[in-house]
Amino acid sequence: MNHLLKALATRRLFWPLLAVPAIWRLIVPALTDGLGFNPLSELLHRTGQIAIWMVVAVLALTPLKTLFPRARLVNTLNRHRRAMGVAAFIYAALHVMEHFLYEGELRGYFANVWKPFFLTGTFALLVLLALATTSNNFSVKRLGYHRWKWLHRLVYLAALALMWHVGTAGKGNWPFAQKVFLPLLALQLLRVIKPLAERLQIAVRQLRMKAS
Amino acid sequence: MHFKVPPSWALPDSAVTPESHYCGRRRFLKQIGLGAVAAAFAPGELFAARTGLPAKLNPAYRLEGLTLTKENAILGYNNFIEFSFQKEAPRIEANRGWKTDPWTLEIDGLIAKPLKFEVNGLVRKLGGLEQRNYRHRCVEAWSMVIPWDGFPLRKLIELARPLPAARFVKFTSFLDTDAAPNQNSSQVPWPYTEGLTLEEAMNELSFLATGIYGKPIANQNGAPIRLVVPWKYGFKGIKSITRIEFTDMQPRTLWNQVAPQEYGFYANVNPAVDHPRWSQARERVIGGGLFEGKKATLLFNGYEKEVTALYRGLDLRKNF
C-alpha cells in the first residue's frame, strides 16, 4: 500500500493513468467491435462521460481533503488535480470532435447550436479550455494568485452547466446526471458546513467558559 | 440464564419460503418448462406467437432501394424502458423469464361487444400475416429498416366494429413489476399507453406486428404483438399490447404525460419540427459505416403520399 501511494504520487506514473479510461473505454472497444450497434453514438457518450468523471473527481478532491485531512490517498491524489483538470479538457475536446464525426457534416452539427445541451456543453468546454491553458505556474505568476484563483473558480459554473448538459442531451438522461452530480453537490456542501460547524463549536465552548 | 434449545425439527426463519415465491410456484414451474422449450429453439431468447410465420412479402411495401437493417441489430438495439434505459440491455432483461406466450388481447370501449383474443387465435381469425418492410425512425434521431410480419390494424378494427361515437384508439401495454423492475418507478405512469385517432388507425400503413424477419417477435422488440406506425416516431409504436380501447376523447399517452412539451400526441416524423432539446433534421442509420454521417430525415418518414390527407388543415408545428 505504501509503495503504491508513493508511486501514485509521482507524475511519471499518474499521467499514463489518466490515459487508462481512453484505452479501456474507447480504443480497445473500438478495435474489438465492442461499441455495439451505434458505435459513433457510443463513442460520443463515452468521451463525454469520461470528461465528466474527470471534472467531478477534481471537484470532489478538495472537499474530501477538508473532510478527511489525514487520508493519505486523498492527499496523494490532491497533488494531481491540475493534471486531472487538463485531462478533463482533453476528453471534452475529443467529445466535441466525436460530435462532428457523429453528425457527419457541419450542417448537422450547427443545427443544434441553440439547443440547451449545445449551449451548456460549449460553455463548459470554453471554461475548461481557459483553465487548461492557464494550468501552469507561469500563468499563476502572470495573473497573480488571486486573479488566477477566481478564474479557476469558474469550474463550479462549468460543473453546473455540465449537469444541465448531461440531463438534456438525451431522452431519459436525468437519472445519470443526478447520480453523478448530486453526490458532488453533497460533498461541496459538507465542505462548506464543516468549518462553520467547527467555528460554532469553538464559540459555544468560549461562551460556556465565560459563563462559568 | 435462559437457554432456548431448538427441537430437532426446528427450522430457522431464513429457511421459510417467501409468500410470493410460494404463491408463484406454479408460474415458476411453467417458466422453467417454457424456458426449456424456448431454449431448444433459440438459446437466450424467448419467442412468442408463431401462427402465420413466416409470412409472404406484400409487394406494395418492398421499400425498393433501401437495405434492411441486420437482424442482430434489430434484436440488440432497443428502447424498452420497462426493462432498461440502456439500448443493449433489453435483449437480456426482457428474456429473464418474462412470459409472452400465451398472451391475451382485450378489445373494449366504444364497441358493441367487448372482445378477448389469444394472439395466435386472433392471427388465425384474421386470416394470417403479411410481411412489410417499413422505415423506423426513433425520436432520438436514429433509424432502421425493419421487415415486420403482421396484419393491418384496420382488419382488427373492422372485426371490433366501433360505435359511431368512437374517435380515438387507446393502446395499453402490460404491467408486471416482477418481470419488468423499472415498472416499480413512480416517476413514470405505468403501464405504457399510446393512442391514435381512429382515422390514423384505419390508415393502410397502421400495422400490428407479431413477427420480424419471419420469426416470432422477440420479447425485447415487443412480443407478442405491437403497434407499427412508420410515419410516426418509434415511441408511438407501443410494445406488448394487452388492451385496445375505443374512446371519444384523445387518450393520454405515456411520454406525453412524462414530458408534454417534448412528446406530443401526434409525434409525426418531421425534419422541420425539432425536438426542444435536439434537431430532428437528420438521422443516424443503424448499421451504417463510421464515416457515413447522418442522412436527411424525410417528412412523415417518407410516407407523405399515404398520410398527408390525415393532417390537412392541421398546424404540424403546434400539433407535434
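In this text the structure is predicted, and so the values were computed from the model without any measurement.

Asks: Just checking my understanding: could you explain the overall build of chain B for this structure?
Replies: In terms of helices and strands, chain B carries 9 helices and 13 strands. Looking at chain B as a whole, 53% of its 320 residues are labelled buried. Considering only contacts in chain B between residues 6 or more positions apart, those separated by 24 or more positions represent 72%. Element-wise, carbon and sulfur atoms account for 55% of the exposed surface of chain B, whose accessible area totals about 15,700 Å².

Asks: I'm lost on the interface of chain B and chain A in this one. Help?
Replies: Where the parts come together, the accessible area they lose is often given as the size of the interface. On the chain A side, the residues contacting the 27 residues of chain B number 24 residues. Taking both sides of the interface into account, the surface hidden between chain B and chain A amounts to around 2,100 Å²; carbon and sulfur atoms contribute 57%. Applying the counting rule to chain B against chain A returns 3 salt bridges. Among the salt bridges present, the one from K294 of chain B reaches E103 of chain A, with a minimum N-O distance of 3.2 Å. Elements supplying a minimum of two residues to the side of chain B that touches chain A: helix 3 (71–76) and strand 12 (282–285) of chain B. Along the lines of polarity and charge, the residues of the side of chain B that touches chain A split into 12 nonpolar, 7 polar and 8 charged.

Asks: I keep staring at the environment of L200 of chain A and nothing clicks. Help me out?
Replies: Residue and element names in this part refer to chain A. Relative to the assigned elements, L200 resides in helix 11 (residues 174–211). Accessibility expressed as a relative area gives 57% for L200, which makes it exposed. For the pair L200 and Q188, spaced 12 residues apart in sequence, the C-alpha separation works out to 19 Å.

Asks: Help me out: how do you make sense of helix 11 of chain A in this one?
Replies: Residues three or four positions apart in an α-helix share a direction because the helix packs 3.6 residues into each turn. Residue and element names in this part refer to chain A. In this model helix 11 runs 52 Å from its N-terminal to its C-terminal C-alpha over 38 residues, within 8% of the 56 Å that 1.5 Å per residue would give. Of all the bends in helix 11, the largest measures some 30 degrees and sits at F181, one to four residues before the proline P183. Inspection of helix 11 places A177, V180, F181, L184, L187 and Q188 among the buried residues, and these make up the whole buried set. Elements in contact with the buried residues of helix 11: helix 3 (39–67) and helix 10 (154–168).

Asks: Teacher, can you tell me more about unusual backbone geometry here?
Replies: Excluding glycine, a negative phi dihedral is what most residues carry, and trans is how most peptide bonds are arranged. Residues and elements named next belong to chain B. Look at the link from D101 to P102: it is a cis peptide, with omega at 0 degrees. Looking at where P102 falls in the secondary structure, it is placed in the loop between helix 4 (90–93) and strand 2 (104–109). For A141, which is not glycine, the phi dihedral falls at a positive 70 degrees. Turning to its location among the elements, A141 is positioned in the loop between strand 4 (130–137) and strand 5 (142–152).

Asks: Even after reading the chapter, I still don't get the sheet that holds strand 6 (residues 168–173) of chain B, so can you show me in this structure?
Replies: The strands making up a sheet associate through backbone hydrogen bonding, with each pair oriented either parallel or antiparallel. Residues and elements named next belong to chain B. Read from one edge of the open sheet, 5 strands run 3-2-11-6-7, paired in mixed fashion. Of all strands in the sheet, those with a lone pairing partner are strand 3 (115–118) and strand 7 (193–197), marking the two edges. When strand polarity is set aside, the average angle formed by the axes of neighbouring strands in this sheet is 15 degrees.

Asks: Would you mind showing me how to read the pairing of strand 2 of chain B here?
Replies: Regular strands place side chains that alternate from one sheet face to the opposite one. Residues and elements named next belong to chain B. Here 4 bridges tie strand 2 to strand 3, and the two strands are oriented antiparallel to one another. Paired with E106 across the two strands is K116, which belongs to strand 3. The turn joining strand 2 and strand 3, which pair antiparallel and follow one another in sequence, is formed by 5 residues. Sheet analysis places strand 2 next to strand 11 (residues 241–247), joined by 4 bridges and oriented parallel. Bridged to G109 within strand 11 is F246.

Asks: I keep staring at the nonpolar core and nothing clicks. Help me out?
Replies: Nonpolar side chains in soluble globular proteins generally cluster together in the buried interior. Residue and element names in this part refer to chain B. Counting residues in hydrophobic clusters, the biggest one holds 84 residues, and the most contacted among them are I244 and F246. Looking at which element gives the most residues to this core, the answer is strand 5, with 6 residues. Beyond its immediate sequence surroundings of up to four residues, I244 is in contact with L105, E106, I107, D108, L156, V169, K170, F171 and L208.

Asks: It is not clear to me how the side chain of S84 of chain B should be interpreted in this structure. Could you clarify?
Replies: Inspection of the secondary structure puts S84 of chain B in the loop between helix 3 and helix 4. Those residues in contact with S84 of chain B that sit more than four places away from it in its chain are A89, P90 and N182 of chain B.

Asks: Help me out: how do you make sense of the packing of aromatic side chains in this one?
Replies: Any pair of aromatic rings gets described here by the distance separating the centres and the angle formed by the planes. All chains considered together, the criterion is met by 25 aromatic pairs over all chains. With 3.9 Å between their ring centres and 20 degrees between their planes, F100 of chain A and Y109 of chain A make a pair best called stacked. Residue F100 of chain A is classed as partly exposed on the basis of its relative accessible area of 31%. For the pair Y266 of chain B and Y311 of chain B, a centre-to-centre distance of 6.0 Å together with 90 degrees between the ring planes defines the contact as edge-to-face. Of this pair, Y266 of chain B sits in the loop between helix 8 (254–258) and strand 12 while Y311 of chain B sits in the segment after helix 9 (304–307), and the two are 45 residues apart along the sequence. Each member of the pair, Y266 of chain B as well as Y311 of chain B, is classed as buried. Linked through ring pairs, F100, Y109, F110, F117 and F118 of chain A together constitute an aromatic cluster. Positioned over the ring face of W150 of chain A is R153 of chain A, at 4.7 Å from the centre of the ring.

Asks: Explain the side chain of T120 of chain A to me, please; I cannot follow it from the model alone.
Replies: Residues and elements named next belong to chain A. Its location among the elements puts T120 in helix 7 (residues 116–133). Judged by its relative accessible area of 15%, T120 is buried. When sequence neighbours within four positions are dropped, the list of residues in contact with T120 reads A161, W164 and H165.

The rules behind the values
- Residues numbered from 1 in each chain as written.
- Chains lettered and ligands numbered in written order.
- Predicted model: local features only at pLDDT ≥ 70, side-chain atom pairs only at ≥ 80, totals over all residues.
- Heavy atoms only, no water.
- Helix = DSSP H or I, 4+ residues; strand = E, 2+ residues; numbered from the N terminus.
- Buried < 20%, exposed > 50% of the residue type's maximum accessible area, 1.4 Å probe, protein only.
- Contact = heavy atoms within 4.5 Å.
- Areas by Shrake-Rupley, 256 points an atom, 1.4 Å probe, with all protein chains shown as cover.
- Buried area = accessible area lost by both parts, 1.4 Å probe.
- Salt bridge = Lys/Arg side-chain N within 4 Å of Asp/Glu carboxyl O.
- Nonpolar A, V, L, I, M, F, W, Y, C, P; charged D, E, K, R; others polar.
- Expected span 1.5 Å × (residues − 1).
- Bend = angle between axes of the 7 residues up to and from the residue.
- Pairing = 2+ DSSP bridges.
- Axes fitted to C-alpha atoms, helices over the stretch in contact; angles between N-to-C directions.
- Core = buried A, V, L, I, M, F, W, Y, C linked by side-chain atoms within 4.5 Å.
- Phe/Tyr/Trp six-rings, centres within 6.5 Å; stacked < 30°, edge-to-face > 60°.
- Lys NZ or Arg CZ within 6 Å of the ring centre and 35° of its normal.

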